[in-house]
Amino acid sequence: MAEALRQPAAMLQRPGLVVLTGPPGCGRSTALREIAASVPGPVHAGGGLAMLQTVPALALSRAVRARLPADDVHLLAEAVRSRVRGGLLVLDDLHYADPATLAALPLLAARCRVLTAVRTPHRLPAAAVEALRTAATAWIEVPPLDRAAALDLARRSAGHLDEATVAAVTDRAGGNPLAVTALARQAAAGRAASGPDIDQVAYAIAAALADLPRPARTALAALGLLGRPAPAALLGPGATDLLAAGLIAPASVLLGAASGDALPSPGPRSPSAGAVLAGGASPSAAAAPGLARSAGAADGEASGVVPASPRSSAGDPASSRDAATASARSSGVAGDDPWSSPGSAPAAGGDPSSSPGGGVGGVVPGDRRPSPADARPGAGGELLLPVSSYVAETAAGLLDAAARVELHTRLAELTPPAEAARHLAAAGDLMGAHRRALVAADLASGGDRAALLLFACELDVPIDARVRLAAADAALTAGRPAAAARVLQTGEPLGPEADVLRGEALLQAGDPAGARAAVRSVPDAATGPVLAARDRVLLLAELAADPSAAQDLAGKVNARHPKPSPGVAAALAAVQAHFRTPGWDVALAAAARSGDPLIARWSAWLLVEQLGADGRLTDAAGAALAAARDSAAALAYGWQTRFTAAADWALALHGSLPGDLVAHSVDPAASPGPASDPAATSSPYPSTGPTGPFEPGAAAYGSHEAAGLPGARAGGGVAAGSAVAARMWDGADGVLKRASNLTDRALPDEARGYATAAAALIEADTGLLAAARAHLDAAGTAHPATAWVAQETAWLDGQPERAAQSAAPGAAGLLAGLHAITAQWAAHDLGELSTQPLPGGLPAAARRTLTAWATGTGFTAAAESWRPVALRERIRCLLAAGVTDTDPARAVAALLSAEQLADAAGLTVLAGRARRGLRRHHVHRDTRSPRSGDQLTRRENDVLRLVAAGEPTRRIAGQLGISAETVDTHIRAGMRKLGARTRTEAAALAFATHPSETDTNDTNDSHKDGR
């Protein structure tokens, strides 16, 4: 097997996903340990549990030993990535993983090294398997042992067997390590196996467990059903026999062994204290420790002879192992009784806090992975864990239906309500499970509450309409609109409240037609809140389908609701924003301050996008930063990253000369809050820290008004957003670092699009075209902002044929104008006439620029209109004036202004184009820095920075607007001053000597590539 493991070990030298598959007992867990031991870096090991498949993110929580936010997949992936970093994430038993874990793995695979194992066959959804296969670097089946290795394992498992018996065992085991070990020890004990048509792995384990006393078998089955630590008092007298047999051990021992950075190295398991004490036990008891050690090849594989899950009904479905189980029962193997006597169970009563086993040490399923601290002695004694979960779940599978029902029912009395509900469902007591789930939901909040209410509604019992309403409302608040709509879809009417709630859910799920149909039956005589919710859904659905009709409907809605609710006000503001009705920004800003978090975030996002489309970039940045702060405080990671990325994009596109934003921003004294608020120095940007992927209370930029929401104006009418942008603007390098840091995280598509566009635009403008292209290629998302930046990067790189393209789908407002302007430049460079029509809904600066291209005049005036919008576009208008004006004096003046602005802002490529234009007018100016002895000049720094980025001499010359000979001169001067022997060494030394000038792409993650 060592040869087979070499390939996955090599693949895990960099981020990627490697999946090991194989049948129960094939040695997947051993393979995981061996691979982990051969790969450098710390190991974070976890995995799924059969009985806790529905606990969100449990497999990942066990790996990182922390409670994780399972309701937001992107936040979940980022929380795990921030803890794993350059280490190796190892997940065993992926077939028992929850949907949140499965959804996060493809996101993690792009940033982390991930090694997983999944049993075959499994019950994973086909869509989840397809997503994993698409993201996987390798999908490897663990090979069976070859005959020589199987013979060797059989000899080591039972040394006194003759060679004929060893060969027979090996032939029967079929290369399965667990079957080899179990059958060899069975043969050594003098017992014959059953017929050839029986599942030998299941039969071997069943036969071995028959050596245990009945209370011990029942206790082991209870651990298999629980899937987590349990106190000895809950397990009854059988716990003593299990400890002596070495099948279970104190949690402090097992969890303490797992607390190191690396997985235990493969090899024989050292005997536990219980196994040592079993030395004088009866022969039947002494056989069990051997089984525990023989299962080491498949520790944690948790196959379960008969699937035992709280989600199943009392009569579990038949499986391929039923024949083996039945055969074992006929031999007296199966433990079909629950606790053998009333005294063997913990105190009854059902109150987890009062019974010794209640709540299992106070750990609620899904809260966190058990830690060594959980193993402290208590009223019920120290917590115990099975040494091999595979064996424990096999014991649970050996119970017959009646025994399993009784055991589930007893466990429901001793566990917290959330877990008890699932045990009762598995026992067939659906009404009891429903009631217990409602009790648990009353104690929970957020996504946990939504999951419990949805579980209660999925049970085959009569469901009160109020419960469905509560479940839909909780699911909608948790960001699960599809589930909210589904729970309200019944065969009978649930009332107007349910109709409007379902309409809102369908609207947020992207089905405006379905939303309209859902609320049409709500009468005008409905109560005020219901009527308001209906009108909101109808108005937004109409706006998506027919904006003109929505404008007429808005008038009726406005007349019907003279004092509109926050939801109606937000919908009316959305219509105003679509038609740019005066005051639309103030209306949306007010909706963004509503008390309903869903309406507030939806309105704030619409506000940010509409401000950006109008070219009000500083206002958009301020509004986005304020919304990012509020989202961070509410732990709404997906929304926080969206707003943060949008702010970065607005700042990157706006640009600034040194001191320019500060000079044009509002006097801090004119707007209260940020200037005097100590919290104003916090950052709204997600930061990886000891408390998680971001600090929820960070980034208070004062009040909403001071944070740049429209309507917060001071004195001369300059938006307070400019003041926020002034404080945020720490140069292109600062924005680039933050945007690049965001792109290295698990993000929603909108956030990734804006963050990528911001980082790539700054890189392209400063001459790092290769880095910009790499960012754009890695984005993997179609977004209007990234589409324009890709078009612009091609033009800056001297590839006008690639830049002469129409606007991307979804581009509107400012972005549509930028697409058209770049296409005009590309046509000019190709010597062609652009025939693209003028887009509608453009901001004034873009419209004037395109009009100037159409008429051939007016570029200087258009450049002035870009002054408050985007510095780079102001420079491009001056360049256009310089290359199109027939008056040499005016052309040179425009080019000189463009060069001066581009140099001051660090826009290297645009400055180079200005110098090329000046040379056409025979203007050759010495722009070199004064001689500086052994210090690099500015031009030498520029050249070496592009050398460090991998650009060849010809491309550097084109970007800087100088000749190739001049580039070589600057490189030789830099080599001499730095004492370098090659240009590459000079670039590296310059990078180390002047990191502030050369390092513009530091993501502060030294383990980005996993090494």
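The rules we used
Residues numbered from 1 in each chain as written. Predicted model: local features only at pLDDT ≥ 70, side-chain atom pairs only at ≥ 80, totals over all residues. Heavy atoms only, no water. Helix = DSSP H or I, 4+ residues; strand = E, 2+ residues; numbered from the N terminus. Buried < 20%, exposed > 50% of the residue type's maximum accessible area, 1.4 Å probe, protein only. Contact = heavy atoms within 4.5 Å. Areas by Shrake-Rupley, 256 points an atom, 1.4 Å probe, with all protein chains shown as cover. Core = buried A, V, L, I, M, F, W, Y, C linked by side-chain atoms within 4.5 Å. Pairing = 2+ DSSP bridges. Axes fitted to C-alpha atoms, helices over the stretch in contact; angles between N-to-C directions. Polar contact = N/O pair within 3.5 Å; in protein donor to acceptor, adjacent residues only side chain to side chain. Parallel < 35°, antiparallel > 145°, perpendicular 65-115°, else oblique. Left-handed = near helix turned anticlockwise from the far one by under 90°. Nonpolar A, V, L, I, M, F, W, Y, C, P; charged D, E, K, R; others polar. Expected span 1.5 Å × (residues − 1). Salt bridge = Lys/Arg side-chain N within 4 Å of Asp/Glu carboxyl O. Phe/Tyr/Trp six-rings, centres within 6.5 Å; stacked < 30°, edge-to-face > 60°. pLDDT = per-residue confidence, 0-100. Right-handed = clockwise from strand over helix to strand, strands pointing away.

**With respect to the overall build of the chain**
Item 1. Across its full length, the chain holds 51 helices and ten strands.
Item 2. A burial count over the chain gives 56% of its 1011 residues as buried.
Item 3. Counting only contacts in the chain whose residues sit at least 6 apart along the sequence, the fraction spanning at least 24 positions is 69%.
Item 4. For the chain, the computed accessible surface area is about 39,600 Å², with 55% contributed by carbon and sulfur atoms.

**Overview of the nonpolar core**
Item 1. Membership of the largest hydrophobic core comes to 156 residues, with the highest contact counts inside it found for Trp649, Trp866 and Ile875.
Item 2. Counting residues in each nonpolar core, the second largest holds 34 residues, with Ala63, Ala79, Leu94 and Ala109 among its members.

**As for the sheet that holds strand 5 (residues 138–141)**
Item 1. In spatial order, the strands read 2-3-4-1-5; together these five strands make up an open sheet with parallel pairing. Edge positions in the sheet fall to strand 2 (43–47) and strand 5, since each of these pairs with one other strand and no more. Looking at each pair of strands side by side, their axes are set apart by 15° on average, direction ignored.
Item 2. Where helix 2 (residues 28–38) meets the sheet, it contacts strand 1 (16–22), strand 2, strand 3 (88–92) and strand 4 (113–119), and its direction lies at approximately 165° from that of strand 4.

**Quick notes on the side chain of serine 82**
Item 1. Structurally, serine 82 can be placed in helix 4 (residues 73–84).
Item 2. Exposure remark for serine 82: the relative accessible area of 9% places this residue in the buried category.
Item 3. Here alanine 79 takes part through its backbone oxygen, which lies 2.8 Å from a polar atom of the side chain of serine 82.

**Some thoughts on the environment of proline 56**
Item 1. Here proline 56 shows up in the loop between strand 2 and helix 3 (58–64).
Item 2. By relative accessible area, which is 32% here, proline 56 ends up partly exposed.
Item 3. In sequence terms proline 56 and leucine 68 are twelve residues apart; their C-alpha atoms lie 8.6 Å from each other.
Item 4. Not counting chain neighbours up to four residues away, the residues in contact with proline 56 comprise Ala70 and Asp98.

**Here's the deal with the packing of helix 41 (residues 814–829) against helix 42 (residues 844–855)**
Item 1. Axis separation between helix 41 and helix 42 bottoms out at 9 Å; the angle between their running directions is 25°. In terms of orientation, helix 41 and helix 42 fall into the roughly parallel class. Helix 41 and helix 42 meet at a crossing whose hand is left-handed. Contacts between helix 41 and helix 42 involve Gly817, Ala820, Ile821, Gln824, Trp825 and His828 from the former and Ala846, Thr849, Leu850 and Trp853 from the latter.
Item 2. Of the residues in the contact of helix 41 with helix 42, the class split is six nonpolar, four polar and no charged.

**A closer look at the environment of alanine 823**
Item 1. Positionally, alanine 823 belongs in helix 41.
Item 2. Its relative accessible area of 3% is what places alanine 823 among the buried residues.
Item 3. In sequence terms alanine 823 and glutamine 805 are 18 residues apart; their C-alpha atoms lie 6.1 Å from each other.
Item 4. Apart from residues lying up to four places away in sequence, alanine 823 is in contact with Gln791, Ala803, Gln805 and Gln836.

**So, helix 19 (residues 401–414)**
Item 1. Over its 14 residues, helix 19 runs 20 Å from end to end, which matches the ideal 20 Å to within 8%, given 1.5 Å per residue.
Item 2. Looking at helix 19, one finds that the buried residues are Ala403, Arg404, Leu407, His408, Arg410, Leu411, Ala412 and Leu414.

**Here's the deal with the pattern of salt bridges**
Item 1. One pass over the full model with this rule turns up 34 salt bridges.
Item 2. Among the salt bridges present, the one from arginine 536 reaches glutamate 504, with a minimum N-O distance of 3.1 Å. Of the two residues, arginine 536 is situated in helix 27 (residues 528–545) and glutamate 504 in helix 25 (residues 496–508); the sequence distance between them amounts to 32 residues.
Item 3. Note on glutamate 504: relative accessible area 12%, which makes it buried.
Item 4. A salt bridge links arginine 738 to aspartate 648; the shortest N-O distance between them is 3.8 Å. Of the two residues, arginine 738 is situated in helix 36 (residues 731–743) and aspartate 648 in helix 33 (residues 637–654); the sequence distance between them amounts to 90 residues.
Item 5. Note on arginine 738: relative accessible area 15%, which makes it buried.
Item 6. Through salt bridges with shared partners, a single ionic network connects Asp765, Glu792, Arg872, Glu873 and Arg876.

**What about the packing of aromatic side chains?**
Item 1. Under the counting rule described, the total for this entry stands at seven aromatic pairs.
Item 2. With 6.1 Å between their ring centres and 65° between their planes, tryptophan 605 and tyrosine 754 make a pair best called edge-to-face. In this pair, tryptophan 605 sits in helix 31 (residues 597–613) while tyrosine 754 sits in helix 37 (residues 749–765), placing the two residues 149 residues apart along the sequence. In this pair, the class of tryptophan 605 matches that of tyrosine 754, namely buried.
Item 3. A ring pair is formed by tryptophan 853 and phenylalanine 859, whose centres lie 5.1 Å apart and whose planes are at 80°; its orientation type is edge-to-face.

**Topic: unusual backbone geometry**
Item 1. Here the phi dihedral of arginine 65 falls at roughly 55°; this positive angle occurs in a residue that is not glycine.
Item 2. Relative to the helices and strands, arginine 65 is located in the loop between helix 3 and helix 4.
Item 3. A relative accessible area of 39% means that arginine 65 is categorised as partly exposed.
Item 4. Positive phi is not limited to glycine here, since aspartate 93 has a value of about 55°.
Item 5. As for its position among the elements, aspartate 93 is in the loop between strand 3 and helix 5 (99–109).

**Observations concerning the confidence of the model for the chain**
Item 1. Here the chain averages 74 in pLDDT, while 73% of its residues score no lower than 70.
Item 2. Every residue in residues 926–932 is under pLDDT 50, and counting partners more than four places away or in other chains gives eight contacts.

**Brief notes about the packing of helix 44 (residues 871–884) against helix 45 (residues 888–905)**
Relative orientation and spacing of two packed helices are given, respectively, by the angle between their axes and the distance between those axes.
Item 1. One can describe the packing of helix 44 onto helix 45 by two numbers: an axis separation of 7 Å at closest approach and a directional angle of 155°. For the element pair helix 44 / helix 45, the angle class is roughly antiparallel. Once helix 44 is placed against helix 45, the crossing between them reads as left-handed. In contact with Leu871, Arg874, Ile875, Leu878, Leu879, Ala881 and Gly882 of helix 44, helix 45 contributes Ala891, Ala894, Leu895, Ser897, Ala898, Leu901, Ala902 and Ala905.
Item 2. The residue inventory of the contact of helix 44 with helix 45, partitioned by class, reads twelve nonpolar, two polar and one charged.

**Section: the pairing of strand 4**
Item 1. Among the seven residues that make up strand 4, seven are buried, leaving the element largely enclosed by the rest of the structure.
Item 2. The alternating pattern of strand 4 places Arg113, Leu115, Ala117 and Arg119 and Val114, Thr116 and Val118 on opposite faces, both of which are buried.
Item 3. Strand direction decides the pairing type here: strand 1 and strand 4, joined by seven bridges, are parallel. Bridge pairing links glycine 16 to arginine 113 in strand 4.
Item 4. Tracing the backbone out of strand 3, into helix 5 and back to the parallel element strand 4 gives a crossover that is right-handed.

**Looking at the pairing of strand 8 (residues 383–386)**
Item 1. A two-sided burial pattern is seen for strand 8, the buried positions comprising Leu383 and Leu385 on one face and Leu384 and Pro386 on the other.
Item 2. Here two bridges tie strand 6 (residues 230–231) to strand 8, and the two strands are oriented antiparallel to one another. By the bridge assignment, proline 231 is partnered in strand 8 with leucine 383.
Item 3. In terms of strand pairing, strand 7 (residues 248–250) meets strand 8 through three bridges, oriented antiparallel. Looking across to strand 8, one finds that isoleucine 248 is bridged to proline 386.

**Examining the environment of arginine 520**
Item 1. Assignment of secondary structure puts arginine 520 in the loop between helix 26 (512–519) and helix 27.
Item 2. For the pair arginine 520 and valine 537, spaced 17 residues apart in sequence, the C-alpha to C-alpha distance is 9.9 Å.

**Comments concerning the sheet that holds strand 8**
Item 1. Taking strand neighbours across the sheet as the criterion, the three strands line up as 6-8-7 in an open arrangement whose pairing is antiparallel. Two strands close off the open sheet at either side, each with one partner strand: strand 6 and strand 7.
Item 2. Helix 13 (residues 238–245) rests against strand 7 and strand 8 of the sheet, and its axis sits at about 95° to strand 7.

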